[in-house]
Each structure stands twice: as structure tokens, then as C-alpha cells.
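For reference, the chains in residue letters:
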Amino acid sequence: MNFYFEAAKTLDRMDAKQGSIKGILALCLRRTGRGLQPSLSRLKSVLLEVIDNSKLMKEERKLSSMNLVLTLVHDLLLARGIQAGDGPLKQAILRHKTRLHGEFQKIKIKRGATSNEQLAHNGDERAALIPRYVRVNTVTGTLEEAIDHLKGFSKDMHVPNLLLFSPNTTFQDDPLYNSGKIILQDKASCFPALVLSPPATDESVVIDATAAPGNKTSHLSALMNNKGKLYAFERDRKRFSTLRMMLSKAGCSNVLPINTDFLTIDPNDAQFTSVTHILLDPSCSGSGIVNRLDHLLEAETEDDSSKDDHRLEKLAAFQLMFPNVKKIVYSTCSIHATENERVVGNALDSEEAKSGSFRLAPQNEVLPTWPRRGYPDELNSPDHASSLVRCLPGEDATNGFFVSCFIKASDNSVTKKRKEMEGEATEASQPKVHKKKKRLKRK
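Below, the structure is looked at part by part. (Residues numbered from 1 in each chain as written. Predicted model: local features only at pLDDT ≥ 70, side-chain atom pairs only at ≥ 80, totals over all residues. Heavy atoms only, no water.)

A few words now on the pairing of strand β6 (residues 229–233). Most of β6 sits inside the fold, with four of its five residues counted as buried. For the crossover from strand β5 (residues 205–208) across helix α13 (residues 215–223) to β6, the handedness is right-handed. Pairing between β6 and strand β7 (residues 255–258): four bridges, direction parallel. Considered in β7, the bridge of L230 is made with V255. The parallel pair β6 and β7, bridged by helix α14 (residues 237–250), forms a crossover whose chirality is right-handed. (Buried < 20%, exposed > 50% of the residue type's maximum accessible area, 1.4 Å probe, protein only. Helix = DSSP H or I, 4+ residues; strand = E, 2+ residues; numbered from the N terminus. Right-handed = clockwise from strand over helix to strand, strands pointing away. Pairing = 2+ DSSP bridges.)

Shown next, in the form of C-alpha cells:
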């Protein structure tokens, strides 16, 4: 019963808003080794109605915690039964098993739902349009192995090794999930690592500047074939613990987790001077999240306290200061231009970008077949919009997301441009010589 007690405490903390949702969920995961089922969030209101209609807590006085009863009834009706010994609390629930199932079926009939998926509702109808995305972790297995084991899916057309399932599909007890061979990750969340695509060589040196909880970090590790060095920064101690656990489960041996703020390191430190690729996906308003498929969230947003526009600006400019960096991806799970296009525009106008000759990668290098691009009206140069990627919940079958990619101009193009500028400056500084025209003698 230990898991159910801890799960109930987790729900209590979320109800009381005792910290950020991510932090509360991470604490439960660390203490129990199990995450909470997403269906517990999506069907919470239905389960509460079932419990009330069955008069369960009135007849079983020992069941005093609503959230404890909620987790037990959830597993009885929607999972593989209550995974605990035959103690008094489990027996109290099982005595009402038939009635609980009956009340659940009554609600389905009343609402015209033919499946649990139709019954599920999390407060945002757009969430029902998002498939259950599963990324095959090629660090520990292959796509072929996953396909042989899994059923009822289709392959994604934009992200390699990404599979689509019905939105209500669960993997809590799946051996591939529990062994880290598959990772639950929204499609849009896969875009940043895919766009960065660092070289899969032993010489590669990459930074994930804001790494926790670790999905994008593990994706980068897979794209690098677990080679080279991948520095993963996370400033929060609790989230750092979650990051390390995630990376261990995913088998990412090329990752070096560092529990410090990325902004405090020295870009010219010998340890980081050889960094060529950087991924920056900072905490933001989370305004694009309508259904976080890999976590239990009732209000599907990031904690607003994590939003810091000034920090976003500093991070975007700071990453441009690394002496040998060639490619940088900046992304958010926000739909607000203030956290997206305007941050990109300010970064391009910064001294760091100008001195380092950074520009936006062209569309053909940033998910070229993805149709939704940036907002031209929010950019100083509207032509830059085609270089940016946007996802909108309810329209793109993903959560809301934004991706940009900065690349350093090649040495040849920089030299050419510098010579052109120097030539223009020289020409402008020289006085004009007016030659006298010779008069033609008439014959």
C-alpha cells in the first residue's frame, strides 16, 4: 500500500498547491519509483462521482482520505486491479467492487460514451485531439524491437522513431516503458533535439542548458548514438535528482549532469570551449501545454513562478558567447510572442550575435515540411518567420510549442562580408577625383 499512500499525499499536495506541479510529481516518482497514471487526472471528476454515488466512504468509515480512495478506485476500475496486499483498506474497496463498476457504467451510458477515452475530460477539449506519443529510445533498443512488441500504432511523419497511439493508451506496466526502451514524449517536444541534431561522433561536445526532467536530453543522447560529451545543466536540486534518474533509466552514458545554473559558467572555461551545439529549452509560462501526456497534471501548465522574461533574454544571448559554438536551438512550450519571436529578435540584435556572426538557419534546415511557421508581425525582419517553427494545440495534434535555430556563418562567408564592409568603408572615406573630360575637336 506504500505507493497508494504516497500517491494520495501527492494529490493532497497538488490540491493545496504546495509547490510546483513538476516538483510534487518528481518527489512522488523518487519516493515510489512509479509515476501517477495520466488517466487519474483525465477521469478524476468521473471517479469522484462514482465514489459519491456508490456511498463508499459513508459505509466504510475507515476510508477517510478521499485522494487515497481515488487512487485505489482508479486502479480497481481502470488498471490491473489494486496492486497491494489484502489489508483492511483494500478489502473495504473490494466489498463494493460490483457497485463501483455499476456506477461507472451508468455514467458512461448517461454521457453516451462508448469508451473510457470518450469519457475522459481534463478541462480542455483540445487535449482529446493529441495522440499518445511514444519515442523509441535507440540508446537501449531499436525501432524494430519496439514494433514487434507494441500494437495499435502508426509512425510519425516528421520525427523518426516516434509512434502514435490512441490518446488514452497507458504504458504504466509496459516492460519497454519500465526499462527505458520507450519514452513518453509529446511530438513537439521532440522537435528541439531533432533540429539541433549534433554529430554522432566521439569528438562531439554538446550542452543542454536547462535539462530537467530529461526527455530532450535523452533524445539528444540517442541522436548522438551515445557518443561524445553531452553536458546537462539543471540548477534546481530536486529537478536535478529527477534528471539523473531519467538519464540512468534511459542508459545515456555520454551525458554529464551538472547541478548548477547554466548562466553561471564561464564560456571560455577549457571544459566548454570545444562546445559546438547548444540546446536551450528554458522554463516559461507553459501557455502551450493543454495535455502533458507524460505526467499527471490537472491544470496543464507550468508553474507561473518559473516564468522570467528577463532570464529568457539573458539565456538567449549568453549561449551565443561560447567561442566555438556553431549551432544553437532555442525553444519553449509557450504560444506567446514575448517568449518566442521577440526573444529571437532581441538575440539577433545583441552584440553577442553580431560579433559572432550568428543568423537564423533557413527553413530547409528547420523541419522544412512542417507547415506552421513564426509570426512575421512579431519580428523586425518578417522574412525570418519562415525559419521559425510553431505548433498550436487543437490544430497540429500537439501541445503548443516554438522552435528556433541559430547558426554561425561560415568563415568564408564572414570573411567575404567583412571584406565587402571594409571595401565600402574605404570607398566612402576616399575623396572623389573628378577627371576633366577631354574636348573632342571637330574636324
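Okay, the sheet that holds strand β3 (residues 162–165) next. Taken in spatial order, the four strands line up as β2-β3-β1-β4 in an open sheet, and their pairing is antiparallel. Each edge of the open sheet carries a strand with a single partner, namely β2 (154–155) and β4 (182–184). For strand β1 (residues 132–136) and β3, the ladder comprises four bridges, and the chain directions are antiparallel. Counted as the bridge partner of R132 is F165 from β3.

A few words on the packing of aromatic side chains. Under the defined criterion, the tally for this structure stands at eight aromatic pairs. Consider the rings of F262 and F322, whose centres lie 5.7 Å apart with planes at 5°: the pair is stacked. Within this pair, whereas F262 is found in the loop between β7 and β8 (277–280), its partner F322 is found in the loop between α15 (309–318) and β9 (327–332), the two being separated by 60 residues in sequence. Feature note: the residues Y231, F233, F262, F272 and F322 constitute an aromatic cluster, connected by ring pairs. (Phe/Tyr/Trp six-rings, centres within 6.5 Å; stacked < 30°, edge-to-face > 60°.)

Our next topic: the pattern of salt bridges. Here the structure, examined in full by the defined rule, presents 14 salt bridges. Across the pair D281 and K216 runs a salt bridge, and its minimum N-O distance is 3.3 Å. Here the residue D281 occupies a position in the loop between β8 and α15, and K216 occupies one in helix α13, the gap between them amounting to 65 residues. A salt bridge links R372 to E395; its shortest N-O distance comes to 2.9 Å. Placement of R372 in the loop between β10 (358–360) and β11 (389–391) and of E395 in the loop between β11 and β12 (401–408) is noted, with a sequence separation of 23 residues between them. Judged by relative accessible area, which is 55%, E395 ranks as exposed. (Salt bridge = Lys/Arg side-chain N within 4 Å of Asp/Glu carboxyl O.)

Turning to unusual backbone geometry, a few remarks are in order. Residue P213 is reached from A212 by a cis peptide bond, and omega for that bond is 5°. With respect to the helices, strands and loops of the structure, P213 is situated in the loop between β5 and α13. Positive phi is not limited to glycine here, since N226 has a value of about 60°. For N226, a relative accessible area of 22% translates into the label partly exposed. Positive phi, normally seen in glycine, also occurs at A397, with a value near 60°. Considering the arrangement of structural elements, one finds A397 in the loop between β11 and β12. With a relative accessible area of 28%, A397 lands in the partly exposed category.

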